[in-house]
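# Survey of secondary and tertiary structure
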Amino acid sequence: MKTYTKIYLKTGKEDSLKRFHPWIFSGAIHRFEQQPEEGDVVEVCDSTGHFLAIGHYQIGSIAVRILSFTPVQIDEAFFVQRLRSAYVMRQSLCLITPENNTYRLVHGEGDNLSGLIIDIYGETAVLQAHSPGMHFARHQIASALKQVMGESLQNVYYKSETTLPYKAQLEAENGYIIGGEASNIAMEHGLKFYVDWLRGQKTGFFVDQRENRVLLERYAQGRSVLNMFCYTGGFSFYAMRGGAKCVHSVDSSAKAIDLTNKNVALNFGDDARHQAFAEDAFKFLDRMGDQYDLIILDPPAFAKHKNVLRNALQGYRKLNAKAFEKIKSGGILFTFSCSQVVSKENFRLTVFSAAAQSGRKVRIIHQLTQPADHPINIYHPEGEYLKGLVLYVE
Ligand code: SAH
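What you see is a predicted model, and the numbers here were worked out from it, not measured in a lab.

## Considerations on the overall build of the protein chain
Assigned secondary structure in the protein chain consists of 10 helices and 20 strands. For a compact globule of 394 residues, the expected C-alpha radius of gyration is about 21 Å, and the protein chain comes in at 22 Å, within 12% of that figure. Principal axes of the C-alpha set define a box for the protein chain whose edges measure 65 × 45 × 35 Å. Counting the 394 residues in the protein chain, one finds 53% classified as buried. A separation of at least 24 residues holds for 64% of the contacts in the protein chain among residues at least 6 apart in sequence.

## Focus: the site of the ligand
Neighbouring the ligand are 15 residues, the closest being Arg-213, Asp-251, Asp-280, Ala-281 and Asp-298. Residue Ala-281 places a main-chain N or O atom 2.8 Å away from a nitrogen atom belonging to the ligand. Looking at the shell around the ligand residue by residue, the class counts come to 7 nonpolar, 3 polar and 5 charged.

## A short note on the pairing of strand β8 (residues 116-121)
Extensive coverage of β8 is indicated by the burial of 6 of its 6 residues. Side chains Leu-116, Ile-118 and Ile-120 project from β8 onto one buried face, and the interleaved Ile-117, Asp-119 and Tyr-121 project onto a second face that is buried too. Bridge count between strand β7 (residues 102-107) and β8: 5 bridges; the pairing is antiparallel. Counted as the bridge partner of Arg-104 is Asp-119 from β8. In textbook terms, the turn of a hairpin is the stretch between consecutive antiparallel strands, and for β8 and strand β9 (residues 124-129) this stretch comprises 2 residues, one of which, Gly-122, has a positive phi near 60 degrees.

## Brief notes about the sheet that holds strand β20 (residues 387-393)
The strand order across the open sheet built from 7 strands is β16-β15-β14-β17-β18-β20-β19, with neighbouring strands paired in mixed fashion. Edge positions in the sheet fall to β16 (274-278) and β19 (362-368), since each has one partner strand and no second. Taken over all neighbouring pairs, the strand axes of this sheet differ in orientation by 15 degrees on average, direction set aside. Pairing between strand β18 (residues 331-337) and β20: 7 bridges, direction antiparallel. Pairing of Thr-335 across the sheet is with Leu-389, part of β20. Here helix α10 (residues 344-358) sits on the sheet and contacts β18, β19 and β20; the angle it forms with β20, its principal contact strand, is near 25 degrees.

## Description of the pattern of salt bridges
A pair can form between side chains of opposite charge whenever their charged atoms are brought close. A complete count under the given rule lists 13 salt bridges for this structure. We note a salt bridge from Arg-104 to Asp-119, for which the minimum N-O separation is 2.7 Å. Of this pair, Arg-104 sits in strand β7 while Asp-119 sits in strand β8, and the two are 15 residues apart along the sequence. With relative accessibility at 13%, the residue Arg-104 sits in the buried group. For the salt bridge of Glu-279 with Arg-287, the shortest nitrogen-to-oxygen distance reads 2.8 Å. If you follow the salt bridges from partner to partner, you end up with Arg-210, Glu-211 and Asp-373 in one network.

## Topic: the side chain of Lys-326
Mapped onto the elements, Lys-326 comes out in helix α9 (residues 309-326). Buried charge without a partner: Lys-326 forms no salt bridge, and the closest opposite charge is Glu-325, 5.0 Å away. Of note is the side chain of Lys-326, whose polar atom sits 3.0 Å from the backbone oxygen of Met-288. Not counting the four nearest positions on each side in its chain, Lys-326 is found in contact with Leu-285, Asp-286, Arg-287, Met-288, Gly-289 and Asp-290.

What counts and how
- Residues numbered from 1 in each chain as written.
- Predicted model: local features only at pLDDT ≥ 70, side-chain atom pairs only at ≥ 80, totals over all residues.
- Heavy atoms only, no water.
- Helix = DSSP H or I, 4+ residues; strand = E, 2+ residues; numbered from the N terminus.
- Rg over C-alpha atoms; globule rule 2.2 N^0.38 Å.
- Buried < 20%, exposed > 50% of the residue type's maximum accessible area, 1.4 Å probe, protein only.
- Contact = heavy atoms within 4.5 Å.
- Near = heavy atom within 4 Å.
- Polar contact = N/O pair within 3.5 Å; in protein donor to acceptor, adjacent residues only side chain to side chain.
- Nonpolar A, V, L, I, M, F, W, Y, C, P; charged D, E, K, R; others polar.
- Pairing = 2+ DSSP bridges.
- Axes fitted to C-alpha atoms, helices over the stretch in contact; angles between N-to-C directions.
- Salt bridge = Lys/Arg side-chain N within 4 Å of Asp/Glu carboxyl O.
- Lys, Arg positive; Asp, Glu negative; His and termini not counted.

Right, here's the structure in full:
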């Protein structure tokens, strides 16, 4: 059995590990048996030398990302076991069907694989490393994935150029680890999407809004819909299938608008109900009239760090205030924040103050979060990032 370099914690710093929290901050470390390299597997011990956990070491504020609280070898068999557990869970929840072959297979800590994201689009997996340890293990992970998924998986695309810690200077290159001849049409609840994992944002598609899109479809009948920050058009197609009178999709990225238009054609052909605009959200909201009675606001994360939280909250307030100002009476607003540092309470307070500013009568009809394939490890509450409110505006 391979032994790993030991890291000794300061006295009392083992408490969070005993509650299975999967991170060790650099300030908790007393000493190293020998200085590990970035991305090495290490054994974490308390100050007296008792085994606590195994994890990936990295330089930075998070110093170790825990992989196991029992002594194990971190090898291909380990990844097979963890990936199988993730796959079995999604199968048992009936998330994987011919109508829905788009899902997140691994959601970092939520699947006990801190630093790793895997999204599945049909026969292709897009693998994203957020830690040096997962970067070095990428070939093992790809091969383990193939073992678990068998013939249903033909391609593994590695996409970590922009997600690894900058300071680690790993210069990861995006590219196929397995396969390469991939159809890039994926299905979500029977709707088809071109997923551009080569050039698109994140892994190519926002899988996390799936169930919230389903809810939107229920309310779309006969409504005029504005899908603000549409990206590849997800919410727009559910609204169209739900019988919306008209759907306008807006995104500042011209590439996103092109993809949205292609996806409309793929599902609805030449449907005059849909129009797309490559335009800044605030400009569009300023110039638009009061024709919409269903508005979706799903902006990018306004705050990526705690120190910009105040500005981010201001941004959310302004954005929501504009929607409250213009939405038709009897309208429904779907409003989201995907910033992990913005808490559910903070987001709700911000939307509350935007509503108060507009003077409209507003009722909360749903409180939304991320779907089952983005599970939150109960010992890692930081994994909860997506928050949404559905509001009825008189
Ligand atoms: N709702 C989408 C995901 C949104 S991601 C879905 O369901 O898939 C956020 C999007 O906001 C990105 O596509 C980005 O291009 C766009 N964006 C960022 N800043 C913007 C701005 N100021 N105005 C309009 N769109 C913006």
